[in-house]
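Residues per chain, in single letters:
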Amino acid sequence: MGMKPENDKVFTDTNFAKRIIDYFDPQGICYDPCRGFETDKSGKLGGAFYNNLPEPKHWSEIEEGKDCVDFNEKVNWTFTNPPFSSKAYRKVSEHCFSISDNVVLLVRFDVALGTYARQNDFKKHNMGLKEIINVSYKDAGFAQRGFILAVIHWEKNYTGDCKFSEWK
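What counts as what
- Residues numbered from 1 in each chain as written.
- Predicted model: local features only at pLDDT ≥ 70, side-chain atom pairs only at ≥ 80, totals over all residues.
- Heavy atoms only, no water.
- Helix = DSSP H or I, 4+ residues; strand = E, 2+ residues; numbered from the N terminus.
- Buried < 20%, exposed > 50% of the residue type's maximum accessible area, 1.4 Å probe, protein only.
- Axes fitted to C-alpha atoms, helices over the stretch in contact; angles between N-to-C directions.
- Parallel < 35°, antiparallel > 145°, perpendicular 65-115°, else oblique.
- Left-handed = near helix turned anticlockwise from the far one by under 90°.
- Contact = heavy atoms within 4.5 Å.
- Nonpolar A, V, L, I, M, F, W, Y, C, P; charged D, E, K, R; others polar.
- Polar contact = N/O pair within 3.5 Å; in protein donor to acceptor, adjacent residues only side chain to side chain.
- Arc of directions from axis to C-beta.

1. Here's the deal with the environment of N120
- In this structure, N120 sits in helix α5 (residues 116-123).
- Residue N120 is classed as partly exposed on the basis of its relative accessible area, which comes to 45%.
- Here the alpha-carbon distance between N120 and E94, two residues 26 residues apart in the chain, equals 9.6 Å.

Rendered as structure tokens:
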């Protein structure tokens, strides 16, 4: 379970992570299960999402010996750029669905929603798909790929329509 392919180590632009967090305006306990470990431009240790989350907040980072599946506190909001490889993504996302009221992931659309198994993962935890925002790889700080990159929001017990938009 602790294996993480090298191509899963992609760090989100700090300003873009802040834009996502500001858009959702989280209240309550926040969590970043894949914090990252590099130092940002201001010298703060931690990832782009974690550094921009309001208090109270928690983090995990497998590279620092804190595996997210070992964190079991209930939280109001989870924000992260999870690993995109199948097994690593599923491990992180399913755990987030089990402990959080709201999960917001910056992830490739096909990784998050492209299989019945991944859709069943959020449904079995009563998470409703609330919003999908297509975003630019460049804005996120990632190398361009041919797949859709999105900010996806799931909410506990949400049963309404899914809002679909694009950030330019």
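2. Observations regarding the packing of helix α3 (residues 86-99) against α5
- Axis separation between α3 and α5 bottoms out at 9 Å; the angle between their running directions is 20 degrees. As far as their axial angle goes, α5 and α3 are roughly parallel. Considering how the two elements wind past one another, α3 and α5 form a crossing that is right-handed. Between α3 and α5, the residues in contact are S86, Y89, R90, E94 and F97 and A117, R118, D121 and F122, respectively.
- The residue inventory of the contact of α3 with α5, partitioned by class, reads four nonpolar, one polar and four charged.

3. Let's talk about the side chain of D121
- Mapped onto the secondary structure, D121 falls in helix α5.
- Here R90 takes part through its side chain, which lies 2.6 Å from a polar atom of the side chain of D121.
- Setting aside its immediate chain neighbours within four residues, D121 contacts R90, E94 and F97.

4. Considerations on helix α1 (residues 14-24)
- Those residues of α1 lying buried are F16, A17, I20, I21 and F24. Taken down its axis, α1 places every buried residue within 135 degrees of arc, on the same side.
- Buried positions along α1 lie against α2 (48-52), β3 (75-80), β4 (100-108), β5 (127-135), α6 (137-140) and β6 (149-156).
- Structurally, the start of α1 carries an N-cap: the backbone nitrogen of N15 is 3.0 Å from a side-chain oxygen of D13.
- Once α1 ends, the next one or two residues include D25, with phi positive near 45 degrees.

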